[in-house]
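# Structural description and commentary
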Amino acid sequence: MDFFKLFEASLPALLAGLVLTLKIISVGIIVAVIIGLVLGIINVGHNKILKLIAKLYIDLVRGTPLLVQVFFIYFGLPSVLNFKLDAMLAGIIAIGINASAYISEIIRAGIKSIDSGQMEAARSLGLPYGVSMRKVILPQAFKRMIPPLVNQFIISLKDTSILSSIGVIELTSSGQIIIASSFKAFQVWIMVGILYFMVIEILTLLSSRLERWVS
Amino acid sequence: MIEVQNLKKSYGIHEVLKDIDLHVKKNEVVCIIGPSGSGKSTLLRCLNGLESATAGSISIEKVELTNKKANINKIRENIGMVFQSFNLFPNLSVLKNITLAPMYIKKLKNGEAEHLALNLLGQVGLREKANVNPDTLSGGQKQRVAIARALAMQPNIMLFDEPTSALDPEMVGEVLNVMKKLAKEGMTMVVVTHEMGFAREVSDRVLFMEDGRIIEEGSPEQIFEKPTQKRTQSFLEKVL
């Protein structure tokens, strides 16, 4: 009985945290996909300088922990450049940049997986590279990118819990606050876990629908 | 129409084409035969810039393709290419496969482009397949659609890269028939093929290639009846 009372009492705060988590991840993932698409296309292209910059970016992001990136963006940059950054905005930027490195690799691999004959056929008709990419290659590659993209989405969603460390009151942080006043760590972490789990289950379901729909 | 001079192509230290000269006149049908790895396909792919030449020059209708400033897209509009593996776009319907380039490049309206595409599909006997997905077609049908797609840009030259090599034997005929019809209509064609019967019947000139060189060339009668080079003779003995 105790559990249900606690559940009822905690739910509004936890849901508010969940909503913030979803806000951060939805904006963050859009940022990530845009940067990732640009980097991915640079990486299958032939411009050596751009490729070098893209490689540097991807290696740096993948080679450092997300928590370090979050601290760097929230504490590091503002301290030397003399500006104030909202914690939630810093979180969105960090999640977006972090996911973009992985997404760019997903996009690169998806494009590379399309038979080179497709590009050759498009180009042999006289179509420019960009049009061939947009009309022929990317639509085919996108289908193959769906499963790994959803996977990255799920990883990044869970990664938002790290933002509790800079005071963003997202789902994990909400749990911590409730525990601080109720001392019911076991029950609250189970509730937090269930909420994450439910969202991710729904996402998984939607993604398999999407996969079936495009094929 | 096509002027190739001293063309060389290497991949690293591996020389695939060694000093190729080739001249194709308007309305001429040239078949290139020879063993695998002789450079036939590479030569064909150089003709529309899918492979870049290491040395030498290629001109298509007086425009030098090997010139770095050449507008390769413009040149390609005028050269249709048909591939061994069809390379139809599986994300588009048969009709959209054909209308894509004319709509984008020639800015045809949807209706005009579809009219053109249906006409071409009629010519290759596949009008009723306009709205299906290419994946549902047989190999022979795919290749006929690929030919229609290449023709949609109304090119003056058609290149065929072993167009029947990936087909089941019973489907080779339908594709060759479409090609024969094209040849009769006066299309300038360069065909890399293993179909000796086709080369003999349709071509004005046959080139035998081996080891990156054109070993022998002449009329089909000359090449198939009385080849002068030992290597041509031994190749033909094996394939005929």
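Look up: the structure comes first, before these words.
In this text, all values refer to a predicted model and were calculated from it rather than measured experimentally. Note that residues are indexed from 1 along each chain, following the sequence as it is written. Working convention: letters from A go to chains and numbers from 1 go to ligands, in the order in which they are written. For this predicted model, a pLDDT threshold of at least 70 governs which residues receive local features, and a threshold of 80 or more governs which side-chain atom pairs are given and counted, while totals over whole chains, interfaces and linings are taken from all residues. Only hydrogens and water are set aside; all other atoms, that is, all heavy atoms of the structure, feed into the side-chain values.

### Thoughts on the side chain of Glu120(A)
Numbering goes from the N terminus for both helices and strands, where a helix is a DSSP run of H or I of at least four residues and a strand is a run of E of at least two. Inspection of the secondary structure assignment puts Glu120(A) in helix 5 (residues 116–124). Note on contacts: a residue pair qualifies if any of its non-hydrogen atoms lie within 4.5 Å across the two residues. The contact partners of Glu120(A), leaving out residues within four places of it in the chain, are Arg45(B), Leu50(B) and Phe83(B).

### Overview of the state of the cysteines
Residues and elements named next belong to chain B. Disulfides are defined as pairs of cysteine sulfur atoms found within 2.5 Å of each other. Scanning the entire structure with this criterion turns up zero disulfides over all chains. Cys46 carries a free sulfur, and the closest cysteine sulfur to it, the one in Cys31, is 19 Å from it. To sort residues, take the accessible area from a 1.4 Å probe on protein chains only and compare it with the maximum for the residue type: under 20% means buried, over 50% means exposed, and anything in between is partly exposed. In this structure Cys46 comes out as buried when scored by relative accessible area, which is 1%.

### Some remarks on the layout of surface pockets
In this approach a probe as big as a water molecule rolls over the atoms, and the regions it shows empty are the leftover space. All names here are of chain A. A pocket here means an open set of points on a 1 Å grid, computed over the protein atoms alone, that has protein on both sides within 12 Å along at least five of seven lines. A cavity is instead a set of points where a 1.4 Å probe fits but cannot get out; residues with an atom within 4 Å of a point line either one. Grid points are joined across faces, edges and corners, and a volume is the space filled by probe spheres set on the points. Taken as a whole, the largest pocket encloses approximately 530 Å³ of empty space. Lining the largest pocket are 19 residues, and of these Val44, His46, Ser116, Met119 and Tyr129 sit closest to its centre. The set of elements that each furnish at least two residues to the lining of the largest pocket consists of helix 4 (87–112), helix 5 and helix 6 (129–159). Residue contributions to the lining of the largest pocket peak at four residues, all from helix 5. The nonpolar class holds Ala, Val, Leu, Ile, Met, Phe, Trp, Tyr, Cys and Pro. Asp, Glu, Lys and Arg form the charged class, and all remaining residues, Gly among them, are polar. Residues belonging to the lining of the largest pocket are distributed by class as follows: eight nonpolar, four polar and seven charged.

### Quick notes on the sheet that holds strand 3 (residues 29–33) of chain B
Residue and element names in this part refer to chain B. Taken in spatial order, the six strands line up as 6-7-8-3-9-10 in an open sheet, and their pairing is mixed. Every other strand in the sheet has two partners, leaving strand 6 (79–82) and strand 10 (213–218) as the edge strands with one partner each. Within the sheet, the average angular offset between the axes of one strand and its neighbour, ignoring direction, is 15°. Relative to strand 10, strand 9 (residues 205–210) is paired through five bridges, and the arrangement is antiparallel. Strands are treated as partners if at least two bridges between them are detected by DSSP. Axis geometry follows a simple rule: fit a line to the C-alpha atoms, using only the stretch in contact for helices, then measure angles between N-to-C directions, giving values from 0 to 180 degrees.

### Let's talk about helix 5 of chain A
All names here are of chain A. Helix 5 sits mainly inside the fold: eight of its nine residues count as buried. All of the buried residues in helix 5 are Gly117, Gln118, Met119, Glu120, Ala121, Ala122, Arg123 and Ser124. Side-chain atoms alone can form a polar contact between residues adjacent in sequence; in general such a contact is a pair of N or O atoms within 3.5 Å, and within protein one must be able to donate a hydrogen while the other accepts it. Of the residues flanking the start of helix 5, the one acting as N-cap is Asp115, its side-chain oxygen 3.0 Å from the backbone nitrogen of Gly117. With its phi angle positive at about 100°, Gly126 sits one or two positions after the end of helix 5.

### Let's talk about the sheet that holds strand 1 (residues 2–11) of chain B
Residues and elements named next belong to chain B. Strand order in the open sheet formed by four strands is 2-1-4-5, with antiparallel pairing between adjacent strands. Each edge of the sheet is formed by a strand with only one pairing partner; in this case those strands are strand 2 (14–24) and strand 5 (63–64). Here strand 4 (residues 55–60) runs beside strand 5; their pairing, made up of two bridges, is antiparallel. Residue pairing in the sheet places Ser59 in a bridge with Glu64 of strand 5.

So far we have only geometry, and geometry alone does not tell us how the molecule works.
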